[in-house]
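The chain contents come next:
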Amino acid sequence: MASSEDSPVQHPSITLLDELIRRRSVTPDDAGCQRVLAERMDRIGFTCESMPFGDVTNLWARRGSTGPVLCFAGHTDVVPPGSLEEWRTDPFEPVLRDGLLFGRGAADMKSGLAAMIVALEQFIQAHPDHQGSLAMLVTSDEEGRARDGTLKVVEALQARDEQIDWCVLGEPSSQESLADVVRIGRRGSLSGILTVRGVQGHVAYPQLADNPIARFAPVLSELHATEWDQGNAYFPATSFQVVDIRAGVGFPNVTPGELSARFNFRYSTEWDHQQLRAKVHSIFDSHEIDYELNWHLSGEPFLTQPGALTEAACAAVKEHTGEEPELSTGGGTSDGRFISPAGTDVIELGPVNASIHKVNEHVRIDDVVKLTSMYRRIMELLLA
Ligand SMILES: [Zn+2]
C-alpha cells in the first residue's frame, strides 16, 4: 500500500487489515488468519485455544478468569471473489484508492477483526487490570455451511460451563455511514421444501388426471394472503416468500403428476419455528391436497433487550458520530443466532455493508480507525 505521513493508512488496524486480506481465506479456509490474530492476542495475555471441527478452523481466546465476559466475535472466511475481470484490482492484493481500501473481505469482515485486535491491544495497555474477562471467538465457517464454526464452539463452551455475557460481532451492520445501524437481533429463517402429488394426464381429459398445480394454487394464495403478524417493537412483520415452483413435463398436452416448491419465512419473535410450521400445516390440511413438506431451520430469531451492552454501544457510537444509532433486527442471518441462545446479549457493530459479497468490495479506512475507537470505548464502559 502506498502511504503518507499522518494518514490513517499508518494506523495499526489498517496494517493488520492489509495483512489479513492478503490471505486467501475463501470459506472454509482460514489461510493462517487466525494464527496472525492469536499471535497478537498471545502477546497481550490471552490464552488462545484452537478449536478445529471438521475442516473448519476456530479460535477461542480469553484473558481473565472471572465474569462478566465481554467477547468480540467474527469470521476470517470470505466469499469467493467472483468474476476477476470485474475487479479493478486483484481481490487479494489490497489497494488504497480515494480513502477506500479494496479487497475481498475488506468489509465482511476482516476490518471488524483488525479493529477488534487493535482495540484490545490499546485497551489492555491502558487497563492491564481490567474487570471481568475479555474474549475473542473467531471462526472460518460463517459464509459457508456454518455447521462446524461458531455453533460448535458455543456448544463446547457450554459443555464446560463457560459463559459469555456480552458479545460484539463485527459484521458490517452499517448502512449509509459508519454505525448508523447497530443490530440487536436478527429475524428467524425457516424454509419449506414441498412436494405435491397428483396424477399425470391428457390435458383434454382432466377428469382422468389430478393436476397438482391446481391443487397447490389455492393453498399458495392463502399462504400469501395470511397476515402472519404485524411485527413488534423490534421486528418487522413476518414475511413469506416462494422462491421456486416447478412442475410440468415440458409438453403442451400433458398435465403434470407432481409439483415441487420451496418457500421461506423471515420471522419475528412473535413465533418460534414449531408454531410457524404448525400454522402452515393447518393451512395445507384445510385444503384437499396430497403433499409432503420438509423443513429446514437456518436459525430462530433472537433479540438483545436494552441493557448494559446496548447502552455502551450506543454511547460509544454517539461519542464518535454525534448520532444515536438505529437499533435494528434487519438483514439476513448471522452467527449471532448461535451465540444468543446461550443467554448472551449480542450486538453487531461493523462497517458499511454496501459492497459486501460484491466485486470491488471495499471499506473506508477512516471508518476502520473510528471502529477501533468505538470497540475500545465499549470495553472501557463495560470493564474499565
Ligand atoms: Zn460476515
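Note that this is a predicted model, so its numbers are computed, not measured.

In this section: the coordination of the zinc ion. For the zinc ion, the full set of protein donor atoms is His75 (NE2), Asp108 (OD), Glu171 (OE) and Glu171 (OE), at a range of 1.9 to 2.8 Å. For the zinc ion, the single-chain donor residues occur in sequence as H-x32-D-x62-E. A residue pair is termed long-range when its members are at least 10 positions apart, and His75 in strand β3 (residues 69-75) and Asp108 in helix α3 (residues 106-126) qualify at 33 residues. In this structure His75 comes out as buried when scored by relative accessible area, which is 0%. For Asp108, a relative accessible area of 4% translates into the label buried.

Before going further, it helps to spend a moment on the nonpolar core. Ranked by internal contacts, the top residues of the largest apolar core, which has 56 residues, are Phe72, Leu134 and Met136. The greatest single-element share of this core, amounting to 11 residues, is contributed by α3. When sequence neighbours within four positions are dropped, the list of residues in contact with Leu134 reads Phe46, Ala61, Arg62, Arg63, Leu70, Phe72, Leu120, Phe123, Ile124, Met379 and Leu383. In terms of nonpolar packing, the next biggest core, distinct from the first, is built from 23 residues, Leu190, Phe216, Phe240 and Leu293 among them.

One open sheet accounts for 4 strands, arranged β12-β14-β10-β15; its pairing is antiparallel. The strands lining the two open edges of the sheet, one partner per strand, are β12 (239-246) and β15 (290-299). Averaged over neighbouring strand pairs, the angle between their axes works out to 20° when direction is ignored. Of the pairings in the sheet, the one linking strand β10 (residues 188-197) to β15 comprises 9 bridges and is antiparallel in character. The partner of Thr195 across the bridge, within β15, is Glu292. Strands in contact with helix α5 (residues 212-225) are β10, β12 and β14 (258-267); relative to β12, the strand with the most contacts, it is inclined by about 165°.

So, about the pattern of salt bridges. Using the criterion set out here, one finds 19 salt bridges in the structure. Note that Arg40 is salt-bridged to Glu121, the shortest N-O span being 2.6 Å. Highlighted residues: Arg40 in helix α2 (residues 33-43) and Glu121 in helix α3, separated in sequence by 81 residues. Several salt bridges share partner residues, and in doing so they unite Glu49, Arg62, Arg160 and Glu162 into one network.

Tracing the chain through its elements places Asn360 in the loop between β18 (345-348) and β19 (362-364). Asn360 gets classed as buried once you look at its relative accessible area, which sits at 16%. In the structure, Asn360 is positioned 269 residues away from Pro91 in sequence and 7.3 Å away in space, judged by C-alpha atoms. Once residues within four sequence positions are removed from consideration, Asn360 is found in contact with Glu86, Trp87, Arg88, Thr89, Phe102 and Ser355. From its side chain, Asn360 meets the backbone nitrogen of Arg88 in a polar contact 2.8 Å long.

Across all of its chains, the model carries 10 aromatic pairs by this definition. Centre to centre, the rings of Trp228 and Trp271 are 6.2 Å apart; their planes meet at 65°, and the pair counts as edge-to-face. Here Trp228, found in the loop between α5 and β12, pairs with Trp271, found in the loop between β14 and α6 (273-285); they are 43 residues apart in sequence, far enough to count as distant. You'll find Trp228 and Trp271 in the same group, each marked buried. Site record: aromatic cluster; members linked through ring pairs are Trp228, Phe240, Phe263, Phe265, Trp271 and Trp295.

This part takes up the confidence of the model for the protein. Per-residue pLDDT for the protein has a mean of 95; in total, 98% of the residues score no lower than 70. Across residues 2-6, where pLDDT falls below 50, the model places 6 contacts with residues more than four positions away in sequence or in other chains.

This next bit is on the packing of α2 against α3. At a minimum axis separation of 10 Å, α2 and α3 run at an interaxial angle of 15°. On the basis of the axis angle, α2 is roughly parallel to α3. Here the hand of the crossing between α2 and α3 comes out left-handed. Contacts between α2 and α3 pair Cys33, Leu37, Arg40 and Met41 from the former with Lys110, Leu113, Ile117, Val118, Leu120 and Glu121 from the latter. Among the residues forming the contact of α2 with α3, the class breakdown is 7 nonpolar, no polar and 3 charged.

Each value, and the rule that gives it
Residues numbered from 1 in each chain as written. Predicted model: local features only at pLDDT ≥ 70, side-chain atom pairs only at ≥ 80, totals over all residues. Heavy atoms only, no water. Donors = N, O, S within 2.8 Å, 3.2 Å for Na, K, Ca; no water. Helix = DSSP H or I, 4+ residues; strand = E, 2+ residues; numbered from the N terminus. Buried < 20%, exposed > 50% of the residue type's maximum accessible area, 1.4 Å probe, protein only. Core = buried A, V, L, I, M, F, W, Y, C linked by side-chain atoms within 4.5 Å. Contact = heavy atoms within 4.5 Å. Pairing = 2+ DSSP bridges. Axes fitted to C-alpha atoms, helices over the stretch in contact; angles between N-to-C directions. Salt bridge = Lys/Arg side-chain N within 4 Å of Asp/Glu carboxyl O. Polar contact = N/O pair within 3.5 Å; in protein donor to acceptor, adjacent residues only side chain to side chain. Phe/Tyr/Trp six-rings, centres within 6.5 Å; stacked < 30°, edge-to-face > 60°. pLDDT = per-residue confidence, 0-100. Parallel < 35°, antiparallel > 145°, perpendicular 65-115°, else oblique. Left-handed = near helix turned anticlockwise from the far one by under 90°. Nonpolar A, V, L, I, M, F, W, Y, C, P; charged D, E, K, R; others polar.

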